[in-house]
Amino acid sequence: VFVQKEQLESIEELYNVAPAEFLDSLMQTIMSEPMILESGNVCDYQVIREFLQNNPIDPFTRKPTSMEKMKPHNELKKRIEEYKKRKQMERIAMKNAPKPPLPQPFPLTEKNILSLQ
């Protein structure tokens, strides 16, 4: 997948400022499908699924577990989606905002040149 530089920078900005509760407990990436583990920790569905394929234990308690013992965190998912939409709208607004005028250059007159010496 090819991503333009501007898209990559905006994605990085989104992750850098996201509230900690929106981040996966294992990978520290913003979640799209938050799942509540038996231990109460929250991980993204894809992350925990891959983890359990290699090792069927809760990564925080080391107790045996499975995907069937986890449940979706729908309220958190909704807040993450709202956050992503808000951030996207902010980026669009900033991109479309008028640019401030450039400062005027310091006029080079004989008087100004002498005052700089």
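Scroll up a little and you will see the structure.
Residues numbered from 1 in each chain as written. Predicted model: local features only at pLDDT ≥ 70, side-chain atom pairs only at ≥ 80, totals over all residues. Heavy atoms only, no water.

Enquirer: What am I meant to see in the nonpolar core here?
Expert: Most often, soluble globular proteins have nonpolar side chains that are buried together. With nine residues, the main nonpolar core is built from Ala 18, Phe 22, Leu 23, Ile 30, Met 31, Val 42, Leu 76, Ile 80 and Tyr 83. Looking at this core element by element, the count peaks at three residues for helix α3 (residues 74-96). In this view, Ala 18 contacts Leu 23, Ile 30 and Tyr 83; residues no more than four positions away in its chain are not counted. Residues Met 35, Leu 37, Leu 52 and Met 70 belong to the second largest nonpolar core, which totals six residues. (Core = buried A, V, L, I, M, F, W, Y, C linked by side-chain atoms within 4.5 Å. Buried < 20%, exposed > 50% of the residue type's maximum accessible area, 1.4 Å probe, protein only. Helix = DSSP H or I, 4+ residues; strand = E, 2+ residues; numbered from the N terminus. Contact = heavy atoms within 4.5 Å.)

Enquirer: Got a minute to help me understand the packing of aromatic side chains in this structure?
Expert: The final tally for this structure, using the stated rule, is one aromatic pair. Relative to Tyr 83, the ring of Phe 22 has its centre 5.3 Å away and its plane inclined at 65 degrees; by these criteria the two rings are edge-to-face. Here Phe 22, found in the loop between α1 (5-17) and β1 (34-36), pairs with Tyr 83, found in helix α3; they are 61 residues apart in sequence, far enough to count as distant. Here Phe 22 and Tyr 83 have matching classes, each one buried. (Phe/Tyr/Trp six-rings, centres within 6.5 Å; stacked < 30°, edge-to-face > 60°.)

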